[in-house]
Number of protein chains: 2
Amino acid sequence: MKTLSILGSTGSIGESTLDVAARFPEKFRVVALAAAGANPSRLAAQVAQTGARLVAVADAGRAAVLEPLLASDVEVCWGAEGLVRAAEVAEVDLVVSAIVGAAGLVPTYAALVAGKDVALANKESLVVGGELVLRAARDSGARLLPVDSEHSALFQVLDGRDSEQVRRLILTASGGPFRGRQRAELAGVSVEQTLDHPNWAMGPKITVDSATLMNKGLEVIEAYWLFGLPASTIEVTVHPQSVVHSMVEFVDGAVLAQLGVPDMRGPISYALNYPKRLPMPDLGLKLWELEGLTFEPPDRKAFPCLDLAFRALELGGTAPAVLSGANEVAVAAFLDRQLSFLQIPELVAAALEALPVTPLDTVHTALEADLTARRFARDWVGAQGRGD
Amino acid sequence: MKTLSILGSTGSIGESTLDVAARFPEKFRVVALAAAGANPSRLAAQVAQTGARLVAVADAGRAAVLEPLLASDVEVCWGAEGLVRAAEVAEVDLVVSAIVGAAGLVPTYAALVAGKDVALANKESLVVGGELVLRAARDSGARLLPVDSEHSALFQVLDGRDSEQVRRLILTASGGPFRGRQRAELAGVSVEQTLDHPNWAMGPKITVDSATLMNKGLEVIEAYWLFGLPASTIEVTVHPQSVVHSMVEFVDGAVLAQLGVPDMRGPISYALNYPKRLPMPDLGLKLWELEGLTFEPPDRKAFPCLDLAFRALELGGTAPAVLSGANEVAVAAFLDRQLSFLQIPELVAAALEALPVTPLDTVHTALEADLTARRFARDWVGAQGRGD
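Parameters at a glance
- Note that residues are indexed from 1 along each chain, following the sequence as it is written.
- Chains carry letters from A onward and ligands carry numbers from 1 onward, assigned in written order.
- With the structure being a predicted model, the display of local features is reserved for residues of pLDDT at least 70 and the display and counting of side-chain atom pairs for 80 or more, all residues being used for whole-chain, interface and lining totals.
- Side-chain figures throughout are based on the complete set of non-hydrogen atoms in the structure, without hydrogens or water.
- In plain words, nonpolar cores are sets of buried Ala, Val, Leu, Ile, Met, Phe, Trp, Tyr and Cys residues tied together by side-chain atoms within 4.5 Å.
- Exposure classes here rest on a 1.4 Å probe applied to the protein chains alone. A residue is buried below 20% of its type maximum, exposed above 50%, and partly exposed in between.
- Note on definitions: a residue-residue contact is assigned when non-hydrogen atoms from the two residues lie within 4.5 Å.
- Per the annotation, domain bounds derive from an automatic or database assignment of domains.
- A simple way to read buried area is as the amount of 1.4 Å-probe accessible surface that goes missing from two parts once joined, with both sides added.
- Any carboxyl oxygen of Asp or Glu within 4 Å of a side-chain nitrogen of Lys or Arg constitutes a salt bridge here.
- Polar contacts, as counted here, are pairs of nitrogen or oxygen atoms within 3.5 Å of one another; within protein the pair requires one atom able to donate a hydrogen and one able to accept it, and residues that are adjacent in sequence qualify only if both atoms are side-chain atoms.
- Only when DSSP finds a minimum of two bridges between them are two strands counted as paired.
- Working definition: helices are DSSP H or I runs of at least four residues, strands are E runs of at least two. Numbering for both runs from the N terminus.
- Structural elements are reduced to axes, namely lines fitted to C-alpha atoms, with helices fitted over the stretch in contact, and the angle between N-to-C directions of any two is expressed from 0 to 180 degrees.
- In summary, the pairing rule links any two rings of Phe, Tyr or Trp, Trp by its six-membered ring, whose centres are within 6.5 Å, and it sorts them by plane angle into stacked for under 30 degrees, edge-to-face for over 60 and tilted for everything else.
- A ring is considered to have a charge above it if a Lys NZ or an Arg CZ atom is located within 6 Å of its centre and within 35 degrees of its normal.

Some thoughts on the nonpolar core
Here is step 1: Counting 263 residues, the largest nonpolar core has Leu323 of chain A together with Leu323 of chain B as its most contacted members.
Here is step 2: Residues within four places of Leu323 of chain B in sequence aside, it is in contact with Met214, Leu218, Ile221, Leu308, Ala309, Ala312, Val348 and Leu352 of chain B.
Here is step 3: Counting residues in each nonpolar core, the second largest holds 22 residues, with Val243 and Met247 of chain A together with Met247 and Leu293 of chain B among its members.

Set out below in structure tokens:
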């Protein structure tokens, strides 16, 4: 029996994780949940269904709303400290880290330091604090299991294979809703158009990132840390059908790819029960029903976020934290209609250029860089945004 | 340094093997060669290039033609016995078994009994004598390394993975030159049309087998023995682009695929140096230049050879040997314009129906079944063939 703590339980990854766990009650027991708490009745239902003993929410106000909906013996905590408590519960074996944004770093780090295996869906943990997260896992012997479909694909292909035999890691990208558009055609795209992702149903932040290709940029950084290969071996290929989740080319030219349906329960179930796969009868790929699978180069001019991510990796230290922090503010401002679509990469580039890069010595440094980037970004939005 | 014996050295697999070996002179030394000997000057050139000490040819006449072309210290032998000698040379580590047809079984078996690893390109070894070949490898501890691109793909994907986690082995088939044609449209197809394979340059026998889908049928039987999974887990999918060389679907729905350029040096190099891949710089896949990759079900009515192979597996014992022997004669008769294209499966079906199935206790039994099938097939050609 593996005991789980699910951080971000009411998000799409959290819900899918609960679905997988519920299918195998003899294998998994959910002990703790964390969510912002904006939907207290949903969270209360999750607690009732799973029998979780601890719930963390964003703040004391939400805790007060939630508490009356729960059985009296369920403990409610809140804030950053609450999140860390949910990550550190003594009896937990594996923490599913599925909080969106840089807020995910602290509990991810705490879980690894406490020796918990982490199924990682929170990109920013590795983007903002990759070096620290890897070190924490190495020091405690905890396992870091990717949940992103692309990294899970690479992880499944590489499993046990010598990384010296790798020529390229090939991350696939759907290309998002604006694939094929020229840069000039992206100036006036709306929030609604941006949120209309062709293949995956995801939260708004990641959907915007998917449209700008920043999502793929963040994944490049994530892959860099997860697989320990030089950035120059990581390539991005656009694959509009999102069937091939990623590929590895080996030194002999052979390419091993992982294919699957666009359902996060696949990667989640792989991470939850690694190294043994769980039978998931409804996740079979219908090869004969697929349209032709195609691959094309990303348009790095129309979608400069991709190169900005490579640039941040090259700068090293706190630069990826700056990239991530500036991007979070830029995306929020875009969703708020304060920035245009093309201003997202503009803002991120400005932050990377303006802010100093320092070595990543502590989680505090990483979060400080993220906060500095956010302040910079908010100022930039104030000065450059269209303010409507 | 690994020492090699290459059986079938002047065929396409043999030539590709020599190309790979020549790229890594510090890793491989060719000690013995075997070929029919129809092209003595080419064989003599191979001996000179590799420094092989022993050469086997089909018969004494060809040996007499070859001998004057060689240095005096090269030993020439011939016939079935010569082939076995080439497979058993004491100093040889790995035997590349790339003779075409059932003739490959005896030297393959001999090599495994002698404890040599075998890189197997000869399908019939497993089709005719699968049970015996597997037992010989198990008893001596020798490794059986597939060279067929499809089986190499499955081998690369499965490497080290628990076969209980496999839901389906998915063998890809190009569909051959007649893909998409109805059964009725195949009645009058010519030898020239049949030999015009869309993706791979191969010898005539295997090219005809590819057009009838018997090649895929033989590969199903081969996969059955190589991977030790029930026949019901083996599926065939038509994939006209021949980029995905085969796939494995696991119990969680994840599909791992191996992709590559249509160049046998990939699978050969993998088998020669297993488990470490050899750098092959010219074998990189140009993903962005591929046309769309598609998959479709095989037309089992137009190409009944596929189901005949499954039927032979189901019958067990000597039935696959009968299938193979009858098919070899049928293909030769088709190439000789004595049989029509559709008479190939007719003849094979007749042989499977007419001939008794016995347990496969010895290599002699296997070869006897093959010979009986050939006799039956020749009689059938005499009686039913168009005789023009």
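Some points on the domain arrangement of chain A
Residue and element names in this part refer to chain A.
Here is step 1: Domain assignment breaks chain A into domain 1 (2–147) and domain 2 (151–386).
Here is step 2: A C-alpha centroid distance of 23 Å is found between domain 1 and domain 2.
Here is step 3: It is Lys123, Val127 and Pro146 that lose the most area in domain 1 upon contact with domain 2, and together they represent 21% of the buried surface on that side.
Here is step 4: Inspection of the domain 1/domain 2 interface yields four salt bridges.
Here is step 5: A salt bridge links Lys205 to Glu124; the shortest N-O distance between them is 3.2 Å.
Here is step 6: Taken together, the connections running from domain 1 to domain 2 amount to six residue pairs in polar contact (both at pLDDT 80 or more).

Focus: the sheet that holds strand β9 (residues 234–238) of chain B
Here is step 1: On the basis of which strands lie adjacent, the open sheet formed by eight strands has the order β9(A)-β8(A)-β10(A)-β11(A)-β11(B)-β10(B)-β8(B)-β9(B) and mixed pairing. Every interior strand has two partners, whereas the edge strands, β9 (234–238) of chain A together with β9 of chain B, have only one. Here the average twist between neighbouring strands, direction ignored, is 25°.
Here is step 2: Relative to strand β11 (residues 255–259) of chain B, strand β10 (residues 244–250) of chain B runs antiparallel, the two sharing five bridges. Bridging across to β11 of chain B, Ser246 of chain B finds its partner in Gln258 of chain B.

So, the environment of Val100 of chain B
Residues and elements named next belong to chain B.
Here is step 1: You can see Val100 is positioned in the loop between β5 (94–97) and α5 (105–113).
Here is step 2: On the basis of relative accessibility, which here comes to 62%, the residue Val100 falls in the exposed class.
Here is step 3: It is 16 Å that separates the C-alpha atoms of Val100 and Ala366, two residues lying 266 residues apart in sequence.
Here is step 4: Those residues within four positions of Val100 in sequence are excluded, and the remaining contacts are Asn122 and Lys205.

A closer look at the packing of aromatic side chains
Here is step 1: Summed over the entire model, instances satisfying the criterion amount to 12 aromatic pairs over all chains.
Here is step 2: When the centroid spacing of 5.7 Å and the interplanar angle of 65° are considered together, the rings of Tyr270 of chain B and Tyr274 of chain B count as edge-to-face.
Here is step 3: Linked through ring pairs, Phe155, Tyr270 and Tyr274 of chain A together constitute an aromatic cluster.
Here is step 4: Over the aromatic face of Phe250 of chain A sits the side chain of Arg277 of chain B, whose NZ or CZ is 4.3 Å from the ring centroid.

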